[in-house]
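Residues per chain are reported as follows:
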Amino acid sequence: MKKLLIVVDYQNDFVNGALGFEKAKTLEPYIAQLIEEYKSTNNEVIFTMDTHQENYLSTEEGKAIPVPHCIRGTEGHNLYGKINRLSGGSLIFEKRAFPSSQLCFYLRGCDFDEVTLVGVVSNICVLSNAIIAKSALPETSICIDLKGIASNDVSLEKKAIDLLKSLHFHIVNE
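The shown structure was predicted, so the numbers you read here are calculated from the model rather than taken from an experiment.

Asker: Which residues make up the overall build of the protein chain, and what values do they have?
Answerer: Helix and strand counts for the protein chain stand at eight helices and six strands. Reading the helices (α) and strands (β) of the protein chain from amino to carboxyl end gives β-α-α-α-β-α-α-β-α-β-α-β-α-β. Over its C-alpha atoms the protein chain spans a radius of gyration of 15 Å, differing by no more than 12% from the 16 Å that the globule rule assigns to 174 residues. If one aligns the C-alpha atoms of the protein chain with their principal axes, the spans along those axes are about 45 × 35 × 30 Å. When burial is assessed residue by residue, the protein chain has 51% of its 174 residues classed as buried. In the protein chain, the share of contacts with a sequence separation of at least 24, taken over all contacts with a separation of at least 6, comes to 77%. Taken as a whole, the protein chain presents about 8,300 Å² of accessible surface, with 53% of it coming from carbon and sulfur. The distance from the centre of the 17 positive side-chain charges to the centre of the 22 negative ones in the protein chain is 1 Å.

See the structure below:
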């Protein structure tokens, strides 16, 4: 079985930086374990990285979320901790919006049997990139691993999971 792990935006600014939150910190050991498992079984791991420029506050997102974060070239933009060290040799898609259009184009040419998403923020970037993956691979099992996602808003995370269930995503580790 050909599998893919997508690690969404597990960056310093979402873990311990400008938009960091406690639950995000707790994901590191589990996400690291998954990355090592996928790589050791010759399965693919892809990373997405929220990526903004110095003009962030003048963008549509910056007007809605006026907290500069994940500015290219800053420490906050880097992948967090052990995850940064484990990212070597993997594709990394920088994205300037919640979903990654590059991820969509890449996945269209692939034939994965299963795709699993982990990372942050579950109700924003994990949700939107899951939908991108399902759009690109409509006949592939797309899984959301609840042990590997987090949001700073538990109520919105629950709503996002309910929405993903209604769209026929596989929710694992409930």
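Asker: Residue-level account of the side chain of Asp9, with values.
Answerer: Mapped onto the fold, Asp9 is located in the loop between strand 1 (3–8) and helix 1 (12–15). Separated by 2.9 Å, the side chains of Asp9 and Lys95 make a polar contact. When sequence neighbours within four positions are dropped, the list of residues in contact with Asp9 reads Phe14, Thr48, Met49, Asp50, Lys95, Val120 and Cys125.

Asker: How would you sum up helix 8 (residues 154–166)? Please name residues and give values.
Answerer: Between its first and last C-alpha atoms helix 8 spans 18 Å; for 13 residues at 1.5 Å apiece the expected length is 18 Å, and the two agree. Looking only at helix 8, the buried set comprises Glu157, Ala160, Ile161 and Leu164. Buried residues of helix 8, viewed axially, fall in a sector of 100°; they line one side. Of the exposed residues in helix 8, those oriented more than 90 degrees away from the buried face are Lys158 and Lys159. Packed against the buried residues of helix 8 are helix 2 (22–26), helix 7 (122–136), strand 5 (141–150) and strand 6 (170–172). In the segment just after helix 8, His168 is the residue with positive phi, at about 70°.

Asker: With reference to specific residues and values, describe the nonpolar core.
Answerer: The nonpolar side chains of a soluble globular protein tend to be buried with one another. Ile6, Leu107, Val115, Leu117, Ile144 and Leu164 are the most contacted members of the largest nonpolar core, which has 27 residues in total. In terms of residue count, helix 7 provides more of this core than any other element does, seven residues in total. In this structure Leu117 touches Ile6, Val8, Val126, Asn129, Ala130, Ile142, Cys143, Ile144, Asp145 and Ile149, once residues within four positions along its chain are discounted.

Asker: For the packing of aromatic side chains, give the residues involved together with the corresponding values.
Answerer: Applying the stated rule across the entire model yields two aromatic pairs. Between Tyr10 and Tyr80 the ring centres are 5.7 Å apart and the planes differ by 90°, which places this aromatic pair in the edge-to-face class. Taken as a pair, Tyr10 in the loop between strand 1 and helix 1 and Tyr80 in the loop between helix 4 (60–64) and helix 5 (81–86) lie far apart in primary sequence, 70 residues in all. Ring centres of Phe93 and Tyr106 lie 5.8 Å apart, and the angle between their planes is 50°; on these two criteria the pair is classed as tilted. With Phe93 in strand 3 (residues 91–95) and Tyr106 in helix 6 (residues 101–108), this residue pair connects regions lying 13 residues apart in the sequence. Looking at Phe93, the relative accessible area reads 9%, which means it is buried.

Procedures and definitions
Residues numbered from 1 in each chain as written. Predicted model: local features only at pLDDT ≥ 70, side-chain atom pairs only at ≥ 80, totals over all residues. Heavy atoms only, no water. Helix = DSSP H or I, 4+ residues; strand = E, 2+ residues; numbered from the N terminus. Rg over C-alpha atoms; globule rule 2.2 N^0.38 Å. Buried < 20%, exposed > 50% of the residue type's maximum accessible area, 1.4 Å probe, protein only. Contact = heavy atoms within 4.5 Å. Areas by Shrake-Rupley, 256 points an atom, 1.4 Å probe, with all protein chains shown as cover. Lys, Arg positive; Asp, Glu negative; His and termini not counted. Charge placed at Lys NZ, Arg CZ, Asp CG, Glu CD. Polar contact = N/O pair within 3.5 Å; in protein donor to acceptor, adjacent residues only side chain to side chain. Expected span 1.5 Å × (residues − 1). Arc of directions from axis to C-beta. Core = buried A, V, L, I, M, F, W, Y, C linked by side-chain atoms within 4.5 Å. Phe/Tyr/Trp six-rings, centres within 6.5 Å; stacked < 30°, edge-to-face > 60°.

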